[in-house]
Amino acid sequence: MADQQNPQLSGFIVERMELGVFAVDSSFNIVLWNHFMHTHSGKSWESLKGTNLFASFPELPESWLKRKIEHVFALGNYAFTSWEQRAYLFRFKHNRPITGGVDAMLQNCTFLPLRDAKGKVELVVITLQDCTDNALIQQRLAEAITVSDEERRKQQELIVKLEDAKNQLYQSEKLASIGQLAAGVAHEINNPIGFVNSNLGTLERNVTDLMKLMAVFESKETELPKDTQRELSKIKKEIDFEYLKEDLAALISESKEGLSHVRRIVSDLKDFSRVDQSGWQIADLEKCIDTTLNVVSNEIRYKATVVKEYGHPPLVECVPGQINQVLMNLVVNASQAFPERGQITLRTGEEGMYVWIEVEDNGIGIPPENQQRIFEPFFTTKPVGTGTGLGLSVCYNIIRKHEGDLIVRSEVGKGTCFRILLPIFHGKMGESEEIEFANSAPQ
Amino acid sequence: MNKGLSEDQTDALQELANIGMGQAGDSLARIWKEFVHLSIPKIAIVDASRLPALIHGFVGDTAVSASRQAFHGGFRGEVLVVVSAKDRNGLANLMGYEGQLDSVEREEVLLDIVNLLGGACVGGIAQQVNAEIGFSAPSLIGEDIDPLDVIHPDQLAIDKALSLEVCFQVENRSLTAHLVILLPNNEVGALAELLDQFLCTL
């Protein structure tokens, strides 16, 4: 095309433009070598004319470049190289020796077939474009993007962690204050219960004494004048004295029973929250289970029958308030696993250096895909607003911090069994507990 | 491809692709001194929205590498080559690479594959219908990606595409490449016209 337009102009452009242009014949002999190539390679057209490309430039990757050029000869198609994969074809000094930061000119090359009149590829023309400036900008841009992507990813991670921590903190604060509140109330109730109980004892004795006196009075009643007898008999009838005598004793004994029930609840609440005695202690896990069952009995009474299969394992060094919390979570969860009424079985036993507790239900079970996730924080299958999804994750944390393990075994339609493994001995006795989520109730 | 191609035009295109690829395969075999086997190209015109499924259908559930190259001239468009990732290095030493390839060399091989096959196919067709075609430098779509991620139809400015499936094998080195030619809606007419002119000369 060049000679159809203005051969002189075309020739000038090829010779002087800021683009490397050279051409080889099918034997790889150099047939064109422009000014750009001359300046950058230091070798002139006169010195290279007709010489073999690979003999004149032994540093070129011969086998690859030969193939590349052969393909252009054979197929008559363009071929390309890009600085992104191949930094350069010829190692030229780049145009930014001071501020560049790269050691050679980065090049994009195009291989063009030049056909003869019959359409056969006669020459392959190779153009070589200096991409250093663009490449540098692109590289810096890519680096900046990588850095900013990485930072964004880290920020995202932090945001998630922060949210996580905030929720856990909120939850543990809430649970702790519920525990403290319960313990405070329990403490306040203890005083009035004390004097009511003592008064009730006195009242019982006094009533018995009064009754004794009344019996003597009654036995002497016939000795009284008839009028007085009639008056007494009228009043006795009015107040249903016979029933009153029986009822008085019953009232007192029922009140005592009720009061002792209140005392037990208060003492369980205090035991459960352990505000007065937190930290590592030697505890009887079966007692922990009993306390917990008392506290949640209302919650589960109408949903499940509780079966205890205790194996009387040894006492365990633990933070009992927290173990109570785990048990409470597991028992309340189990009670929610039944479509109708079900059975919760609590087992204990000993295995090597560990004591285990199992909380098993015969409820709906957990699908395998969820079993992997139930200990994740915020994983819940309950409707929005019902469960926080923190219960089991808190349990898991507590057990892990006891250096124990919490294992789930479940089959859909058959039920679920949680097994808690706790090491018997820690050597932490007397240390204050440092485990999070103390004094907490289930979610 | 609003109007699409007639049956005659599609047949002609398939034949031209076959001849073009055949000549290219022949030339390559002579350079490589190894037998090159090419299947007869299968041509289909598909809805752009079906392209991900089509590419998945070509290769199945395996990671793929893909590259693209634009062409311009008598008709304009892009050619896409998808190879399954395990085949990627099949041709490397025929292309003059020595030893183990590093990651950028693997990219370069992939770009060369689209350049060779796309050039052979589109260039072959163009040459036979007497159209001048030029190619831009190829670029990488991705390495070891899900076949469904090669093309996102919502990013395409076309509603139909020309799919051309060809199996390219060199003796023991298997390389099954799938080509998809994407033509802008208004370029199909140009191709159809060129095909008609070609059919008239027969």
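The structure this text deals with has already been given above.
Here's what I pulled together on the structure shown here. Note that the structure is a prediction, hence the values are computed from the model and not measured.

### A closer look at the overall build of chain A
Moving on, step 1. Helix and strand counts for chain A come out as 12 helices and 12 strands.
Moving on, step 2. Residues counted as buried form 27% of the 443 residues belonging to chain A.
Moving on, step 3. The contacts of chain A with a sequence gap of at least 6 include a subset with a gap of at least 24, amounting to 68%.

### Here's the deal with the overall build of chain B
Moving on, step 1. Summing up its helical and strand segments, chain B has 4 helices and 8 strands in all.
Moving on, step 2. Listed by position from the N terminus, the elements making up chain B come as α-β-β-α-β-β-α-β-β-β-β-α.
Moving on, step 3. Taking the intrachain contacts of chain B between residues at least 6 apart in sequence as the baseline, contacts between residues at least 24 apart amount to 75%.

### What about the packing of helix 10 (residues 320-335) of chain A against helix 12 (residues 391-401) of chain A?
Residues and elements named next belong to chain A.
Moving on, step 1. Where helix 10 contacts helix 12, the axes come no closer than 10 Å and their chain directions differ by 145°. As for the relative orientation of helix 10 and helix 12, their crossing is left-handed in sense. Where helix 10 approaches helix 12, its residues Gln 322, Gln 325, Val 326, Asn 329, Leu 330 and Asn 333 are matched on the opposing element by Gly 391, Leu 392, Cys 395, Ile 398 and Ile 399.

### Digging into the interface of chain B and chain A
Moving on, step 1. If you look at the interface, chain B gives 22 residues, while chain A gives 18 residues.
Moving on, step 2. Per element, the largest residue contribution to the side of chain B that touches chain A is 9 residues, and it comes from helix 3 (residues 103-128) of chain B.
Moving on, step 3. Among the residues making up the side of chain B that touches chain A, the classes are represented as 12 nonpolar, 6 polar and 4 charged.

### Topic: the sheet that holds strand 12 (residues 415-423) of chain A
Residue and element names in this part refer to chain A.
Moving on, step 1. If you trace the 5 strands from one edge of the open sheet to the other, you get 7-9-10-12-11, paired in mixed fashion. Each edge of the open sheet carries a strand with a single partner, namely strand 7 (304-309) and strand 11 (405-411). Each strand of the sheet is rotated relative to its neighbour by a mean of 15°, with strand direction disregarded.
Moving on, step 2. Both strand 9 (residues 342-351) and strand 10 (residues 354-361) contribute to a ladder of 8 bridges, which runs antiparallel.

### A few points about the sheet that holds strand 3 (residues 79-81) of chain A
All names here are of chain A.
Moving on, step 1. Read from one edge to the other, the open sheet built from 5 strands follows the order 2-1-5-4-3, with strand pairing classed as antiparallel. The open sheet is flanked by strand 2 (30-33) and strand 3, the only strands paired with a single partner. The sheet shows a mean angle of 15° between the axes of neighbouring strands, taken without regard to direction.
Moving on, step 2. Where strand 1 (residues 20-25) and strand 2 come together, 3 bridges link them in antiparallel fashion. Residue pairing in the sheet places Phe 22 in a bridge with Trp 33 of strand 2.

### Focus: helix 4 (residues 188-201) of chain B
Residues and elements named next belong to chain B.
Moving on, step 1. An ideal rise of 1.5 Å per residue puts 20 Å on 14 residues; helix 4 measures up with 20 Å between its terminal C-alpha atoms.
Moving on, step 2. Every buried residue belonging to helix 4 is among Val 188, Leu 191, Ala 192, Leu 194 and Leu 195, and all of these are buried. Projection of helix 4 onto a plane perpendicular to its axis shows the buried side chains occupying an angular sector of 160°, all on one side. Residues of helix 4 that are exposed and point over 90 degrees away from its buried face: Gln 197, Cys 200 and Thr 201.
Moving on, step 3. In the core, the buried residues of helix 4 are packed alongside helix 1 (7-32).

### A few points about the nonpolar core
Residues and elements named next belong to chain B.
Moving on, step 1. Counting residues in hydrophobic clusters, the biggest one holds 93 residues, and the most contacted among them are Val 81, Ile 113, Leu 117, Cys 121 and Leu 179.
Moving on, step 2. If you tally residues by element for this core, the top one is helix 3, at 12 residues.
Moving on, step 3. Those residues within four positions of Ile 113 in sequence are excluded, and the remaining contacts are Val 81, Val 83, Leu 91 and Ala 177.

### Re unusual backbone geometry
Residue and element names in this part refer to chain A.
Moving on, step 1. Backbone geometry places His 312, a non-glycine residue, at a positive phi of 45°.
Moving on, step 2. As for its position among the elements, His 312 is in the loop between strand 7 and strand 8 (316-318).
Moving on, step 3. One non-glycine residue, Glu 403, lies in the positive phi region at around 60°.
Moving on, step 4. With respect to the helices, strands and loops of the structure, Glu 403 is situated in the loop between helix 12 and strand 11.

### Quick notes on the environment of Asn 134 of chain A
Moving on, step 1. Here Asn 134 of chain A shows up in helix 6 (residues 132-219).
Moving on, step 2. Distance in space between the C-alpha atoms of Asn 134 of chain A and Leu 106 of chain A is 9.2 Å, their sequence separation being 28 residues.

### Comments concerning the pairing of strand 12 of chain A
Residues and elements named next belong to chain A.
Moving on, step 1. By the bridge criterion, 8 bridges tie strand 10 to strand 12 in an arrangement that is antiparallel. Note that in strand 12 the partner of Tyr 354 across the bridge is Pro 423.
Moving on, step 2. Summarising the sheet, strand 11 and strand 12 pair through 7 bridges and their orientation is antiparallel. Residue pairing in the sheet places Asp 405 in a bridge with Leu 421 of strand 12.
Moving on, step 3. As consecutive antiparallel partners, strand 11 and strand 12 are separated by 3 residues, and within that stretch Gly 413 has a phi angle of approximately 90°, a positive value.

### Section: the packing of helix 1 of chain B against helix 4 of chain B
Residues and elements named next belong to chain B.
Moving on, step 1. At a minimum axis separation of 10 Å, helix 1 and helix 4 run at an interaxial angle of 80°. Compared by their axis directions, helix 1 and helix 4 come out roughly perpendicular. Along the contact surface, helix 1 presents Asp 8, Gln 9, Ala 12 and Leu 13, while helix 4 presents Ala 192, Leu 195, Phe 198 and Leu 199.
Moving on, step 2. A per-class count over the contact of helix 1 with helix 4 returns 6 nonpolar, 1 polar and 1 charged.

### With respect to the pairing of strand 5 (residues 121-130) of chain A
All names here are of chain A.
Moving on, step 1. In the sheet, strand 1 pairs with strand 5 via 6 bridges, with the strands oriented antiparallel. Paired with Gly 20 across the strands is Leu 128, a residue of strand 5.
Moving on, step 2. The pairing of strand 4 (residues 107-115) with strand 5 spans 9 bridges and is antiparallel. Each residue of the ladder has a partner; that of Thr 110, found in strand 5, is Thr 127.
Moving on, step 3. Connecting the antiparallel pair strand 4 and strand 5 is a turn made up of 5 residues, with Gly 119 showing a positive phi of about 95°.

What counts and what doesn't
Residues numbered from 1 in each chain as written. Chains lettered and ligands numbered in written order. Predicted model: local features only at pLDDT ≥ 70, side-chain atom pairs only at ≥ 80, totals over all residues. Helix = DSSP H or I, 4+ residues; strand = E, 2+ residues; numbered from the N terminus. Buried ≥ 20, exposed ≤ 12 C-beta atoms within 10 Å, placed from the backbone. Contact = placed C-beta atoms within 7 Å. Axes fitted to C-alpha atoms, helices over the stretch in contact; angles between N-to-C directions. Left-handed = near helix turned anticlockwise from the far one by under 90°. Nonpolar A, V, L, I, M, F, W, Y, C, P; charged D, E, K, R; others polar. Pairing = 2+ DSSP bridges. Expected span 1.5 Å × (residues − 1). Arc of directions from axis to C-beta. Core = buried A, V, L, I, M, F, W, Y, C linked by C-beta atoms within 7 Å. Parallel < 35°, antiparallel > 145°, perpendicular 65-115°, else oblique.

Geometry only, nothing functional implied.
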